[in-house]
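The primary structure of each chain is shown beneath.
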Amino acid sequence: MGLKMIVMVKQVPDTHNITGEAMKADGTVNRARLPAIINPEDLNALEEAIRIKERIGGHITAITMGPQKAVQVLKECLYRGADDVILISDRKFAGADTLATAYTLKFAVDKIGSFDLILCGRQAIDGDTAQVGPQVAEKLGINQITSLLEVVEIDEEEITAKHAITDGYELVKSKMPLLLTVTSEANEPRSPSAKLVMAYKNIDQEVNGDSYEEAYMQADDSSLIDRITEWNADSIGVDSTICGLQGSPTKVKKIENVVLAVNDIQQIPATEAGITDLMHELMDDHII
Amino acid sequence: MSDKKQVMVFIEQSEKKIGAVSLELICEAGRLAKKLSAEVVGVALGYGIGEELAALGHYGCKTVYYVEDERLSHFTSNPYAKSVVSIIRKQQPEIVLFGATTTGRDMAPRIASALKCGLTADCTELQIGEYKSKGELFENAFLQMRPAFGGNIMATIVSPESFPSMATVRPGVMQLDTPDASRTAEVLVEESDLSDEDFLTEVIEVVRREKTVNLSVAQIIVAAGAGAADPETLALVRKLAVTIGAELAASRPLVDAGLLSHDHQVGQTGTTVRPNLYIACGISGQIQHRAGMVESQRIIAINSDPDAPIFRIAHYGIVGDLNAVIPKMIAAYKEKA
Ligand SMILES: Cc1cc2nc3c(=O)[nH]c(=O)nc-3n(C[C@H](O)[C@H](O)[C@H](O)COP(=O)(O)OP(=O)(O)OC[C@H]3O[C@@H](n4cnc5c(N)ncnc54)[C@H](O)[C@@H]3O)c2cc1C
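Residues numbered from 1 in each chain as written. Chains lettered and ligands numbered in written order. Predicted model: local features only at pLDDT ≥ 70, side-chain atom pairs only at ≥ 80, totals over all residues. Heavy atoms only, no water.

How should the packing of helix α5 (residues 231-244) of chain B against helix α8 (residues 322-336) of chain B be read in this particular structure?
For any two helices packed against each other, the geometry comes down to the angle between their axes and how far apart the axes lie. Residues and elements named next belong to chain B. The N-to-C vectors of α5 and α8 enclose an angle of 20°; their axes lie 10 Å apart at closest approach. One finds that α5 runs roughly parallel with respect to α8. The hand of the α5/α8 crossing is left-handed. Residues T233, L236, V237, K239, L240, T243 and I244 of α5 form the contact with α8, whose participating residues are L322, N323, I326, P327, M329, I330, Y333 and K334. Residue composition of the contact of α5 with α8, by class: 10 nonpolar, 3 polar and 2 charged. (Axes fitted to C-alpha atoms, helices over the stretch in contact; angles between N-to-C directions. Helix = DSSP H or I, 4+ residues; strand = E, 2+ residues; numbered from the N terminus. Parallel < 35°, antiparallel > 145°, perpendicular 65-115°, else oblique. Left-handed = near helix turned anticlockwise from the far one by under 90°. Contact = heavy atoms within 4.5 Å. Nonpolar A, V, L, I, M, F, W, Y, C, P; charged D, E, K, R; others polar.)

Next comes the structure, spelled out in structure tokens:
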């Protein structure tokens, strides 16, 4: 039997590897030019789910809320061993803050039905808020363990785990159902399995010989398509007043690119005289 | 509900000790409350900490709503979130602040979800100001500033129609005022409405690492960067720190390389510092590092690359090789000391 697990993933701009390409002349970042990737700690969440499945058996459903192109991150999940994946996509979801996102995910989880464990990355690198996981847990009325470092023991009823606290860690125990937010320290995510990539490719071509995205948009009877489900606001039954921009209490007032303010810098010559003067000045001012 | 507007701070405690960030937040709440003609109140959970809570008055906290329950001695998500939710429902504060610690970041989203209110994570600056939206003017909106996109942008977030508006705030960022021991807070003990079923997590063991260094209170910091990664140069930087009585800090590459423990790391994923003097040795000044030290009173940058971004925020710049510059600094100090 094993555990029924849901892994929540997000497609994010790769803010950690900002190359010259994405840098504008004024030294600010052109966000539109950043490559879209699966959020790094979501891969840790998926990896943890796969390890749990390897340990005690189970079933892994990966879900993402996002635009159509976010199906790419679901593919990444299939290639690593997710059993099926769900794209939750609707214009109505645009502009969602963490609360509206959590609502939408809650309705999707309700539609999936029963589960034992929900896993997600501790935080996403575009916002670094770490809010959606705990908010989904609250909406579902279940317990949470945040900043997971290690699953020490797990069976179908209960988990014992280490999670990070500011100055160390705690060993805690909780019954299922439960939501875990997973840190990068928990594990080393595996790479996509060549076997799975090939398997999905072959199925894909059998279906209609077309590109993956189009196949996923059209047919409905291959095993690949069986594994990718798409839901929208109506199919999960989420009211438009609680999702997307409308359901978001927080608004962005202003976004400023961080540009370095140039200080009135005092250049100190790297000579004995220059450095001695500086040090003595600091001493006279009782700074050192 | 109080007839006066309230700015509320969640008081973090661990083993009966009040978290430093909670004191910082009380001071910041005081600055916000002034503009709103509101008062600063605290919400605290725990057992046997009444005296510690009264002392929050030194920092300007007027009243502390204190849920005293032995089962709340140690933090766990659900009972903490639930208790704070009931206090907020009762008191209806305008604003609620939490430290962006593991505790604050664990419970605040649960609370925001239960109250369906806005929450902004990891703020580095808070203000009261105007916000206009669709012809509507909010005069005293709570403006919450936070870095996003890996620190490449600063976003100002508002939640004008949300009651309350909530934010988590980075530790070490808000200025601590001088305590005034003549003031104490009124501690109001509140009934706990928790049942045993609310305690969903069992804490088996808590393992705390002793901090090897506490940078957040250091007045003089000498920080080593990747330019000081080789043993000789790092030894020189260390010697400079010892000579002038500074704490030794580092940028992330040195910590990642295992040369210094994480307690030494300054920056976005390390400690935020605001010393009197910060000497950056062989640090390029990437945004994630600057985020943790830009508020330093005086910054001396030593770098062989004249175009290093660190020079743009430094007050004194020395373009040169650490191995040549630092011995001169040590000699100059010793000559006069
Ligand atoms: C999510 C995220 C979080 C991060 N958090 C942090 C954080 O908390 N703290 C942090 O520090 N970084 C953090 N980083 C890393 C950050 O982006 C930079 O990579 C890092 O700060 C660079 O460290 P550095 O300046 O020491 O090294 P480098 O950028 O390699 O700079 C070394 C400098 O030393 C100079 N130099 C070399 N040799 C000498 C010499 N002999 N004499 C004088 N100068 C010399 C060089 O000119 C250069 O400017 C984070 C990154 C990410 C993506």
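Explanation requested: the environment of B:E190 in the structure shown.
Residue and element names in this part refer to chain B. Considering the arrangement of structural elements, one finds E190 in strand β12 (residues 186-190). Judged by relative accessible area, which is 13%, E190 ranks as buried. For the pair formed by E190 and L45, sequence separation is 145 residues and the distance between their alpha carbons is 9.6 Å. Once residues within four sequence positions are removed from consideration, E190 is found in contact with Y65, Y66, V67, E68, I87 and K90. (Buried < 20%, exposed > 50% of the residue type's maximum accessible area, 1.4 Å probe, protein only.)

Can you walk me through the packing of aromatic side chains in this structure?
Two measures describe an aromatic ring pair: the distance that separates the ring centres and the angle between the ring planes. Taken as a whole, this structure holds 5 aromatic pairs over all chains when the rule is applied. Ring geometry for B:F10 versus B:Y80: centroids 6.3 Å apart, planes at 70°, classification edge-to-face. Taken together, the residues B:F10 in strand β1 (residues 6-11) and B:Y80 in helix α3 (residues 77-91) connect sequence positions 70 residues apart. Per residue, the accessibility class of B:F10 equals that of B:Y80, and both read buried. Note on B:F75 and B:Y80: the rings are 5.0 Å apart at their centroids and 80° apart in plane angle, and the pair reads as edge-to-face. Each member of the pair, B:F75 together with B:Y80, is buried. Taken together, the ring pairs in this structure connect B:F10, B:F75, B:Y80 and B:F98 into an aromatic cluster. Residue placement shows A:K106 over the ring face of A:F107; its charged tip is 5.3 Å from the ring centre. For the cation-ring pair, A:K111 lies above A:W231, with the distance from its terminal atom to the ring centre recorded as 5.2 Å. (Phe/Tyr/Trp six-rings, centres within 6.5 Å; stacked < 30°, edge-to-face > 60°. Lys NZ or Arg CZ within 6 Å of the ring centre and 35° of its normal.)

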